[in-house]
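The primary structure of each chain is shown beneath.
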Amino acid sequence: MSKIDSAYFIEFAEHGDERGNLVVVEGERDVPFAIQRVFYIYGSDPDIVRGQHANRKSQFVLINVAGQSKIRVKDGLGNEAVFCLNRPRTGVYIPTMAWKEMYDFSPDSVLLCLASEHYDESEYIRDFAAFTAEVRTANQAATGGNR
Ligand code: TYD
């Protein structure tokens with residue numbers, strides 16, 4: 001399956017009552033991995049593009065807990081998808097080896113990122129050409145194309 005097809009929206013249950021709303025995200029229940037790391041991004045101008053990397057080991061779920069942003073996901077084989085995040089109860093799952101770019105941040109955007117791994121810079125691929133080369137090599141190996 002393409003990495004594009006493996007990226008998908010997740011709707012979290014909202015426990016709302018007259019006091020307000022509460023969204024619960026539990027590792028291995030509401031997201032398909034144990035959560036090892038949480039970080040969040042805010043204060044990025046609308047013309048900024050963040051991310052621009054792929055991860056060999058980390059899976060992510062991104063949630064705009066306030067405001068909105070867009071996530072472009074590329075599989076390195078010419079396919080891409082754009083996810084618009086604009087609700088605190090909606091996340092997008094991003095698998096390993098998917099190129100991601102976060103952009104179009106609203107001034108009030110707070111983008112919460114849940115990750116399956118602790119931070120390890122060596123598992124980040126920050127060069128798009130290197131990413132596509134690694135994807136093509138893996139693809140050839142999987143299809144027997146390099147025999
Ligand atoms: P970076 O990966 O460039 O952020 P983004 O994906 O939003 O564009 O990270 C910015 C800086 O923060 C960089 O110096 C690495 C550091 N960083 C950590 O130390 N731990 C982390 O978990 C993350 C995501 C980044």
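Above this text sits the structure in question.
Please read all numbers here as calculations on a predicted model, not as lab measurements.

Caption draft 1: Geometry of the overall build of the chain. Looking only at helices and strands, the chain has 1 helix and 10 strands in total. Secondary structure of the chain in N-to-C order comes out as β-β-β-β-β-β-β-β-β-β-α. Expected size for 147 residues packed as a compact globule is a radius of gyration near 15 Å; at 16 Å, the chain falls within 12% of this value. The burial tally for the chain puts 40% of its 147 residues in the buried class.

Caption draft 2: Region of interest: the pattern of salt bridges. Taken as a whole and assessed by the stated rule, the structure comprises 12 salt bridges. Measuring nitrogen to oxygen at the nearest pair gives 3.1 Å for the salt bridge that ties Glu-80 to Arg-72. Assessed through its relative accessible area of 45%, Glu-80 is described here as partly exposed. Put simply, Glu-101 and Lys-74 hold a salt bridge, and the shortest N to O gap is 3.8 Å.

Caption draft 3: Broad picture of the packing of aromatic side chains. Scanning all chains against the criterion turns up 9 aromatic pairs. Between Phe-33 and Tyr-93, the aromatic rings sit 6.4 Å apart at their centres with planes inclined by 40 degrees, giving tilted as the arrangement. Residue Phe-33 is located in the loop between β1 (8-11) and β2 (37-42), and its partner Tyr-93 is located in strand β7 (residues 90-94); the two are separated by 60 residues in the primary sequence. Like Tyr-93, Phe-33 is buried. Between Trp-99 and Phe-131, the aromatic rings sit 5.5 Å apart at their centres with planes inclined by 35 degrees, giving tilted as the arrangement. Placement of the pair is Trp-99 in strand β8 (residues 99-103) and Phe-131 in helix α1 (residues 128-143), with a sequence separation of 32 residues. Each of the two residues, Trp-99 as well as Phe-131, counts as buried. An aromatic cluster is built from Tyr-8, Phe-33 and Tyr-93, whose rings are joined through pairwise contacts. The ring of Phe-128 carries Lys-74 above its face, with NZ or CZ at 5.2 Å from the centroid.

Caption draft 4: Fine view of the environment of Ile-10. Within the element layout of this structure, Ile-10 appears in strand β1. The spacing of Ile-10 and Tyr-103 is 93 residues in sequence and 20 Å in space, taken between C-alpha atoms. What Ile-10 contacts, discounting residues up to four positions off in sequence, is Asp-30, Val-31, Pro-32, Val-61, Arg-89, Thr-90, Gly-91 and Tyr-93.

Caption draft 5: Representation of the nonpolar core within the structure. Residues Leu-62, Ile-71, Val-73, Phe-83, Ile-94, Met-102 and Leu-111 are the most contacted members of the largest nonpolar core, which totals 19 residues. Secondary-structure elements contributing two or more residues to this core are β4 (60-66), β5 (69-74), β6 (80-85), β7 and β9 (110-115).

Caption draft 6: Quick look at the site of the ligand. Every residue near the ligand is listed here: Arg-37, Phe-39, Ile-41, Arg-50, Gly-51, His-53, Tyr-119, Tyr-124 and Arg-126. One of the side-chain nitrogen or oxygen atoms of Arg-37 is found 2.5 Å away from an oxygen atom of the ligand. Taking Arg-50, its side chain carries an N or O atom lying 2.8 Å from an oxygen atom of the ligand. Notes on the ligand: free accessible area 530 Å², of which the protein chains cover 60%. Counting residues per element, the ones that place at least two in the shell around the ligand are β2 and β3 (50-55).

Caption draft 7: Region of interest: α1. Look at α1: 22 Å from first C-alpha to last across 16 residues, which is about the 22 Å you get at 1.5 Å a residue. Taken together, the buried positions of α1 are occupied by Phe-131, Thr-132 and Val-135. Summarising the axial view, the buried residues of α1 lie within an arc of 95 degrees, below the 170-degree limit, and thus occupy one face. Buried-residue contacts for α1 involve β3, β5, β8 and β10 (124-125). A side-chain oxygen of the first residue of α1 lies 3.3 Å from the backbone nitrogen of Ala-129; this N-cap is Asp-127. Looking one or two residues beyond α1, the residue adopting positive phi is Gly-144, at roughly 75 degrees.

Criteria and thresholds
Residues numbered from 1 in each chain as written. Predicted model: local features only at pLDDT ≥ 70, side-chain atom pairs only at ≥ 80, totals over all residues. Heavy atoms only, no water. Helix = DSSP H or I, 4+ residues; strand = E, 2+ residues; numbered from the N terminus. Rg over C-alpha atoms; globule rule 2.2 N^0.38 Å. Buried < 20%, exposed > 50% of the residue type's maximum accessible area, 1.4 Å probe, protein only. Salt bridge = Lys/Arg side-chain N within 4 Å of Asp/Glu carboxyl O. Phe/Tyr/Trp six-rings, centres within 6.5 Å; stacked < 30°, edge-to-face > 60°. Lys NZ or Arg CZ within 6 Å of the ring centre and 35° of its normal. Contact = heavy atoms within 4.5 Å. Core = buried A, V, L, I, M, F, W, Y, C linked by side-chain atoms within 4.5 Å. Near = heavy atom within 4 Å. Polar contact = N/O pair within 3.5 Å; in protein donor to acceptor, adjacent residues only side chain to side chain. Areas by Shrake-Rupley, 256 points an atom, 1.4 Å probe, with all protein chains shown as cover. Expected span 1.5 Å × (residues − 1). Arc of directions from axis to C-beta.

In short, shape yes, function no, at least from these values alone.
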